[in-house]
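Survey of secondary and tertiary structure
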Amino acid sequence: MNAVSREILERRWATRFDLLFASPVTGKETGSVRHAMLRACARAKIPPLTIRDLRRTCATRMLEAGADVVSVARQLGHTDLRMLSRYARSTDLVQKAVDNLVEDRENRLKVVK
């Protein structure tokens, strides 16, 4: 958690209700974080996401931005650095896919000329 997210959570906690994920209408428990996420995705008109999806995205973006593996592992609460291999692999696969697209496009342009 960084200073920005901490400030948002503290402000919400202080000014709203006793529950972090409370109903905006009743102030009571709304069910579960999972259901809150599904409702938020529906309102945003995006495919359903889970907290885990957001966690993976955060880890991937941190690695893409150049954060060191130990720092990312610490932020995620991993005790074993091998757990992060899936995130690093994810960025490698995306880069390889982009490289393949560029190479394929260049090859097609050569054929046309």
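Residues numbered from 1 in each chain as written. Predicted model: local features only at pLDDT ≥ 70, side-chain atom pairs only at ≥ 80, totals over all residues. Heavy atoms only, no water.

Side note on the nonpolar core
Note the following rule: For this analysis, a nonpolar core means a set of buried residues of the types Ala, Val, Leu, Ile, Met, Phe, Trp, Tyr and Cys, connected via side-chain atoms within 4.5 Å. Working definition: with a 1.4 Å probe on protein chains only, accessible area under 20% of the residue-type maximum means buried, over 50% means exposed, and in between means partly exposed. Here a helix means four or more residues in a row that DSSP labels H or I, a strand means two or more in a row labelled E, and each is numbered from the N terminus.
One finds Ala 59, Leu 63, Val 72, Ala 73, Leu 76 and Leu 84 forming the largest nonpolar core, which totals 6 residues. Of all the elements in the fold, those that place two or more residues in this core are α3 (51–64) and α4 (69–76). Element by element, the count of residues in this core is highest for α4, at 3 residues.

Notes on unusual backbone geometry
Leaving glycine aside, a negative phi is the common case for residues, and trans is the common case for peptide bonds. The backbone phi angle of Lys 45 is positive, close to 60°, even though this residue is not glycine. Take Lys 45: it is sitting in the loop between α2 (33–44) and α3. Exposure remark for Lys 45: the relative accessible area of 76% places this residue in the exposed category.

Some remarks on α3
Inclusion rule: Take the residue count of a helix, subtract one, and multiply by 1.5 Å to get its expected span. Directions pointing from the helix axis toward each C-beta atom define the arc.
Compared with an ideal rise of 1.5 Å per residue, which puts 14 residues at 20 Å, α3 spans 20 Å between its outermost C-alpha atoms and is within 8% of the ideal. Listed in full, the buried residues belonging to α3 are Ala 59, Thr 60 and Leu 63. All buried residues of α3 lie within an arc of 95° about the axis, which places them on one face of the element. Count one or two residues on from α3 and you reach Gly 66, which has phi positive near 100°.

Any functional reading would require information beyond the geometric quantities listed.
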